[in-house]
Amino acid sequence: KDCFFEFSKEEDLDEYYCKKCKKHRQSTKRLSVYKFPQILVIQLKRFAFNGYSRDKIQTPVYAPLVLTSESLDVIADKISCIEHEYGLYAIANHMGSCGGGHYIAHANIGTRVGDDWRRFDDSRVSGRLDARTKGQGSSAYVFFYRKLSSGRHSKGSSSRRSMHRN
């Protein structure tokens, strides 16, 4: 929820020149979601650019297996009606620094939330991983969520929520 709050916080931008009034103006931006999609992709800001230097942001991030309406409310526009939950099905990871690195992916190849997570690293695929720890931490870069259908999603339940595959 903290990441969503930071994502949707109003941010000051550089001045721009308004052609209409012929003056420099201060501007701000705020990101929000008006309509929630079938697939929700969340890319973290992992690289900071300060003048001539670049740094990788190493803050560990741990994404929930299920995004609830309560979590999504922070990034929703005031007119959005959030009645969905999303199941995490993949994470892209960046290992390395701004000067170079390597991308790997963690993905759920099962049909239910937390079913069967694997690590994909070039031509290598791992065995089954713990759904709570896979791909999390300071290397997590992009999270992929899919809208869930009805049912329960708790680990170990035979009626865990299914993920739509439209």
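You'll find the structure just up there.
Residues numbered from 1 in each chain as written. Predicted model: local features only at pLDDT ≥ 70, side-chain atom pairs only at ≥ 80, totals over all residues. Heavy atoms only, no water.

A.B. asks: Quick question: what am I supposed to make of the overall build of the protein chain here?
C.D. replies: Tallying secondary structure elements over the protein chain gives 2 helices and 11 strands in all. From first element to last, N terminus to C terminus, the protein chain shows the α and β order α-β-β-β-β-β-β-α-β-β-β-β-β. Counting contacts in the protein chain only where the partners sit at least 6 residues apart, residues at least 24 apart contribute 56% of the total. Surface summary for the protein chain: the accessible area is close to 10,700 Å², and the carbon and sulfur share equals 50%. (Helix = DSSP H or I, 4+ residues; strand = E, 2+ residues; numbered from the N terminus. Contact = heavy atoms within 4.5 Å. Areas by Shrake-Rupley, 256 points an atom, 1.4 Å probe, with all protein chains shown as cover.)

A.B. asks: Before we go on, may I ask you to explain the pattern of salt bridges in this structure?
C.D. replies: A side chain of one charge can pair with a side chain of the opposite charge when the charged atoms of the two come close. As enumerated under the stated definition, the model contains 4 salt bridges in all. One salt bridge in this structure joins Arg-128 and Asp-116, with 3.1 Å as the shortest N-O distance. Taken together, the residues Arg-128 in the loop between strand S10 (124-125) and strand S11 (140-147) and Asp-116 in the loop between strand S8 (100-108) and strand S9 (117-121) connect sequence positions 12 residues apart. Taking the shortest distance from any N to any O, the salt bridge between Arg-124 and Asp-121 comes out at 3.3 Å. Classification of Asp-121 by relative accessible area gives buried; the value is 10%. (Salt bridge = Lys/Arg side-chain N within 4 Å of Asp/Glu carboxyl O. Buried < 20%, exposed > 50% of the residue type's maximum accessible area, 1.4 Å probe, protein only.)

A.B. asks: Got a minute to help me understand the nonpolar core in this structure?
C.D. replies: A general trend in soluble globular proteins is that nonpolar side chains are found buried together. If you look at the biggest cluster of nonpolar residues, it comprises 21 residues, and the most contacted ones within it are Leu-40, Ile-42, Leu-67, Tyr-86, Leu-88, Phe-143 and Tyr-145. With sequence-adjacent residues up to four places away left out, Tyr-86 is seen in contact with Phe-36, Pro-37, Gln-38, Leu-40, Leu-65, Val-66, Leu-67, Leu-72, Tyr-145, Arg-146, Lys-147 and Leu-148. In this structure, Phe-47, Ala-92, Cys-98 and Tyr-141 belong to the second largest nonpolar core, which totals 5 residues. (Core = buried A, V, L, I, M, F, W, Y, C linked by side-chain atoms within 4.5 Å.)

A.B. asks: Explain the packing of aromatic side chains here, please?
C.D. replies: Any aromatic ring pair is given by two values, namely how distant the centres are and how the planes are angled relative to each other. Applying the stated criterion across every chain, the model contains 3 aromatic pairs. Where Tyr-89 meets Phe-144, the ring centres are 6.3 Å apart and the plane angle is 55°; that geometry is what we call tilted. Taken together, the residues Tyr-89 in strand S7 (residues 86-97) and Phe-144 in strand S11 connect sequence positions 55 residues apart. The class for Phe-144 is partly exposed, based on a relative accessible area of 24%. Three or more aromatic residues link up through ring pairs in this structure, and these residues are Phe-47, Tyr-103 and Tyr-141. Positioned over the ring face of Tyr-89 is Arg-146, at 3.9 Å from the centre of the ring. (Phe/Tyr/Trp six-rings, centres within 6.5 Å; stacked < 30°, edge-to-face > 60°. Lys NZ or Arg CZ within 6 Å of the ring centre and 35° of its normal.)

A.B. asks: Teacher, can you tell me more about the environment of Ile-104 here?
C.D. replies: Residue position: Ile-104 is located in strand S8. In this structure the C-alpha to C-alpha distance between Ile-104 and Arg-119, which are 15 residues apart in sequence, comes to 7.4 Å. Ile-104 has contacts with Ile-91, Ala-92, Asn-93, Met-95, Arg-119, Phe-120 and Asp-121, leaving out every residue within four places of it along the chain.

A.B. asks: Quick question: what am I supposed to make of unusual backbone geometry here?
C.D. replies: Excluding glycine, most residues fall at negative phi; most peptide bonds, likewise, are trans. Residues other than glycine seldom take positive phi values, yet Lys-22 does so here, at roughly 60°. On the secondary structure map, Lys-22 appears in the loop between strand S1 (11-18) and strand S2 (23-29). Positioned with a positive phi, Asp-122 is a non-glycine residue whose angle comes to about 55°. Inspection of the secondary structure puts Asp-122 in the loop between S9 and S10. Residue Asp-122 is classed as exposed on the basis of its relative accessible area of 63%.

A.B. asks: So what exactly am I meant to see when it comes to a nonpolar patch on the surface here?
C.D. replies: Together, Ile-109, Phe-120 and Val-125 line one region of the surface with nonpolar side chains, adding up to about 250 Å² of accessible area. If you trace the backbone, Ile-109 turns up in the loop between S8 and S9. (Patch = residues over 30% accessible without salt bridge, like charges linked within 9 Å, V, L, I, M, F, W, Y side chains within 5 Å.)

A.B. asks: Got a minute to help me understand the pairing of S1 in this structure?
C.D. replies: Within a regular beta strand, the side chains point alternately toward one face of the sheet and then the other, so they alternate between its two faces. Inspection of the sheet shows S1 paired to S2 by 6 bridges, in the antiparallel sense. Note that in S2 the partner of Asp-12 across the bridge is Thr-28. What sits between the antiparallel neighbours S1 and S2 is a turn of 4 residues, in which Lys-22 has the positive phi angle 60°. (Pairing = 2+ DSSP bridges.)

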